[in-house]
Amino acid sequence: MNEPQPDQGAIRAEVLQLISRKDQIEVEMRELAAILSQQNGVGMHEPLVDAEGFPKNSIDTYQVRHARHQIICLQNDHKALMKQIERGLQGYYSASSSDCGMDTQPISPAARQEFPSFTVAFARVTDVTQDSPADLAGIQAGDQVVEFGSVNSMNFKAITDIATLVQHSEGTQISLKLKRNERFITITLVPKKWAGRGLLGCNIVTI
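Criteria and cut-off values
- Every chain begins its residue count from 1, and numbering advances along the sequence as written.
- A pLDDT threshold of at least 70 governs which residues receive local features in this predicted model, and a stricter bar of 80 or more applies before side-chain atom pairs are shown or counted, although totals over entire chains, interfaces and linings include all residues.
- Here the side-chain values reflect all heavy atoms present in the structure, with hydrogen atoms and water set aside.
- Secondary structure elements follow DSSP: runs of H or I of four or more residues count as helices, runs of E of two or more count as strands, with numbering from the N terminus.
- Each residue gets one of three labels from its accessible area relative to the maximum for its type: buried under 20%, exposed over 50%, partly exposed in between, using a 1.4 Å probe on protein chains only.
- Here, two residues are considered to be in contact whenever any of their heavy atoms come within 4.5 Å of each other.
- Using a 1.4 Å probe, the Shrake-Rupley method yields the accessible areas, and only the shown protein chains count as cover for residues.
- Here, a salt bridge means any Lys or Arg side-chain nitrogen found within 4 Å of an Asp or Glu carboxyl oxygen.
- Note on pairing: two strands pair once DSSP finds at least 2 bridges between them.

(A) The overall build of the protein, seen in detail. Assigned secondary structure in the protein consists of four helices and six strands. Taken across its 207 residues, the protein has 41% of its residues classed as buried. Sequence separation of at least 24 residues holds for 64% of the intrachain contacts in the protein that already meet a minimum separation of 6. For the protein, the accessible surface area stands at approximately 12000 Å², while carbon and sulfur atoms represent 49% of it.

(B) Spotlight on the environment of Phe156. By the secondary structure assignment, Phe156 is in the loop between strand S3 (151–152) and helix H4 (159–167). Residues Phe156 and Phe122, 34 residues apart in the sequence, show an inter-C-alpha distance of 7.4 Å. Residue contacts for Phe156: discarding those within four places in its chain leaves Phe122, Val151, Asp161 and Thr206.

(C) How the structure looks around the side chain of Asn152. Residue position: Asn152 is located in strand S3. Asn152 gets classed as buried once you look at its relative accessible area, which sits at 9%. Excluding residues within four positions of it along the chain, Asn152 makes contact with Phe118, Phe122, Val146 and Glu147.

(D) Structural detail: the pattern of salt bridges. Overall, the coordinates contain six salt bridges when judged by the stated rule. Residues Lys22 and Asp23 are paired through a salt bridge, measuring 3.0 Å at the closest nitrogen-oxygen approach. Assessed through its relative accessible area of 6%, Lys22 is described here as buried. Ionic pairing is found between Arg180 and Asp143, a salt bridge with its closest N-O pair at 2.7 Å. One end of the pair, Arg180, is in strand S4 (residues 174–180); the other, Asp143, is in the loop between helix H3 (133–137) and strand S2 (144–148), and 37 residues separate them in sequence. Judged on exposure class, the residue Arg180 and its partner Asp143 are both buried. Residues participating in the shared-partner salt-bridge network are Lys22, Asp23 and Glu26.

(E) Inspection of the pairing of strand S5 (residues 183–189) at higher detail. Sheet topology note: the S4/S5 ladder contains seven bridges and is antiparallel. From the neighbouring strand, Lys179 faces S5, where its bridge partner is Phe184.

(F) Representation of H4. Where H4 is concerned, the buried positions are Asp161, Ile162, Thr164, Leu165 and Val166. Of the surrounding secondary structure, the elements contacted by the buried residues of H4 are helix H1 (8–38), S2, S3, S4 and strand S6 (202–206).

Structure representation (structure tokens):
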């Protein structure tokens, strides 16, 4: 007796809800990062007291601590959602292509045409350092960025949008849609510390 196949429609709806929540979390993290930036550019780890141990007058200590706490909570939620999305996509594609091995291979959230995607590039990669996270992910100089996580041509405002997303996604998979020559490709990038500067090892500029 054949086992009943999962309901693709239900799985797809669930995955889309998870992706929507993931995008919302990424937006919230960018907004919180902007709050930190407004406090004299303070980030997640800079000290909030001066050399004598007194709170710095130039920053709102309560607001910074509150924003940092929220960002940490959102980062944890983001990581959990990414795992749920991965499992959901594996279930969706294994239901339709059980003989293709898709149920045993990792699938990035934007890797299939059935899910929302964009075709207009908003940024370009100018160089990639060898052995960097970007290089290991397969990014090449000249690639045009169509989607960078939740950032796309419709909501992109500045390169800082990408920088903020990367900063708060260390160790977490980010799905990228790139235009290389006349082809669109999708890769998974994991921002992380490496031998060089930053978390990516590539330079991205606005088109």
